[in-house]
Amino acid sequence: MTQSLFSVLCAIFMLFSSVFGCSQEGILPTGLPNEKEPPAVEGTVYTRVDGVQNSVFYIAEPDIAQCSTVSASSFGISENSEDNYGAFREALAYCRENPPNQIDNNKSAAIIHQKQIG
């Protein structure tokens, strides 16, 4: 009901604004970030993003070329396992403690069953 009423009010407003020549200009943002390129950090790649009104910012990403590969099966992740939750958490914990790493799931369809973290 509320959405229908809102839609009707918007349609009426648009009709009157076009008839009477009323228009609302978009509000342009001010004070946008204009970052300098960050210093090189081992294991990190920075992607430059050019935003609106010539704003510039950088997104830090891991350098995949420098990552070592950790086999998912070494932590017990298997597509034959009914629950890989614990093994997957161990693999993530290892990667967090020993950066930079990436997990190779051996191109298997390892299923992580939903489990509430508590």
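Placed above this text is the structure.
Residues numbered from 1 in each chain as written. Predicted model: local features only at pLDDT ≥ 70, side-chain atom pairs only at ≥ 80, totals over all residues. Heavy atoms only, no water.

## Some details on the overall build of the protein chain
Secondary structure summary: the protein chain contains two helices and four strands in total. Its helices and strands in sequence order give the protein chain the pattern α-β-β-β-α-β, from N to C terminus. Taken across its 118 residues, the protein chain has 15% of its residues classed as buried. Excluding contacts between residues fewer than 6 apart, the proportion of contacts in the protein chain whose partners are at least 24 apart in sequence is 41%. (Helix = DSSP H or I, 4+ residues; strand = E, 2+ residues; numbered from the N terminus. Buried < 20%, exposed > 50% of the residue type's maximum accessible area, 1.4 Å probe, protein only. Contact = heavy atoms within 4.5 Å.)

## Looking at helix α1 (residues 2-19)
Helical geometry note: an α-helix holds 3.6 residues per turn, so side chains three or four residues apart project in the same direction. Over its 18 residues, α1 runs 26 Å from end to end, which matches the ideal 26 Å to within 8%, given 1.5 Å per residue. Among the 18 residues in α1, one count as buried, and that is only a small part of the element. The first or second residue beyond α1 is glycine 21, which carries a positive phi of 70 degrees. (Expected span 1.5 Å × (residues − 1).)

## Concerning the pairing of strand β4 (residues 101-104)
Where strand β3 (residues 68-71) meets β4, four bridges bridge the pair, whose relative direction is parallel. Within β4, the residue paired with valine 70 across the bridge is isoleucine 103. Taken together, β3, helix α2 (residues 85-97) and β4 form a β-α-β motif whose crossover is right-handed. (Pairing = 2+ DSSP bridges. Right-handed = clockwise from strand over helix to strand, strands pointing away.)

## Details of the packing of aromatic side chains
Counting across every chain of the model gives one aromatic pair. Ring plane angle 50 degrees and centroid distance 5.7 Å describe the contact between phenylalanine 75 and tyrosine 94, whose orientation is recorded as tilted. With phenylalanine 75 in the loop between β3 and α2 and tyrosine 94 in helix α2, the pair connects residues that are 19 residues apart, well separated along the chain. (Phe/Tyr/Trp six-rings, centres within 6.5 Å; stacked < 30°, edge-to-face > 60°.)

## A look at the pattern of salt bridges
Counting across every chain of the model gives one salt bridge. Between arginine 48 and aspartate 50 there is a salt bridge whose closest N-O contact spans 2.7 Å. For arginine 48, a relative accessible area of 48% translates into the label partly exposed. Aspartate 50 sits in the exposed class, given a relative accessible area of 53%. (Salt bridge = Lys/Arg side-chain N within 4 Å of Asp/Glu carboxyl O.)

## Re the side chain of asparagine 84
Here asparagine 84 lies in the loop between β3 and α2. Reaching out from asparagine 84, the side chain makes a polar contact with the backbone oxygen of serine 78 at a distance of 2.9 Å. (Polar contact = N/O pair within 3.5 Å; in protein donor to acceptor, adjacent residues only side chain to side chain.)

## Considering the pairing of strand β2 (residues 56-62)
Each regular strand displays side chains that alternate between the two surfaces of the sheet. Bridge analysis of strand β1 (residues 44-50) against β2 gives seven bridges, and the strand direction is antiparallel. Following the sheet pairing, threonine 44 is matched in β2 by proline 62. Where β1 folds back on β2, the antiparallel hairpin that results is connected by five residues, among which glutamine 53 adopts a positive phi of roughly 50 degrees.

## Comments concerning the state of the cysteines
Applying the stated criterion to the full structure yields zero disulfides. We note that cysteine 67 lacks a disulfide partner, and the nearest cysteine sulfur, in cysteine 95, lies 8.7 Å from it. On the accessibility criterion, cysteine 67 (13% relative accessible area) is buried. (Disulfide = S-S within 2.5 Å.)

## Topic: a nonpolar patch on the surface
On the surface, a nonpolar cluster with roughly 810 Å² of combined accessible area is contributed by Leu5, Val8, Leu9, Ile12, Leu15, Phe16, Val19 and Phe20. As for its position among the elements, phenylalanine 16 is in helix α1. (Patch = residues over 30% accessible without salt bridge, like charges linked within 9 Å, V, L, I, M, F, W, Y side chains within 5 Å. Areas by Shrake-Rupley, 256 points an atom, 1.4 Å probe, with all protein chains shown as cover.)

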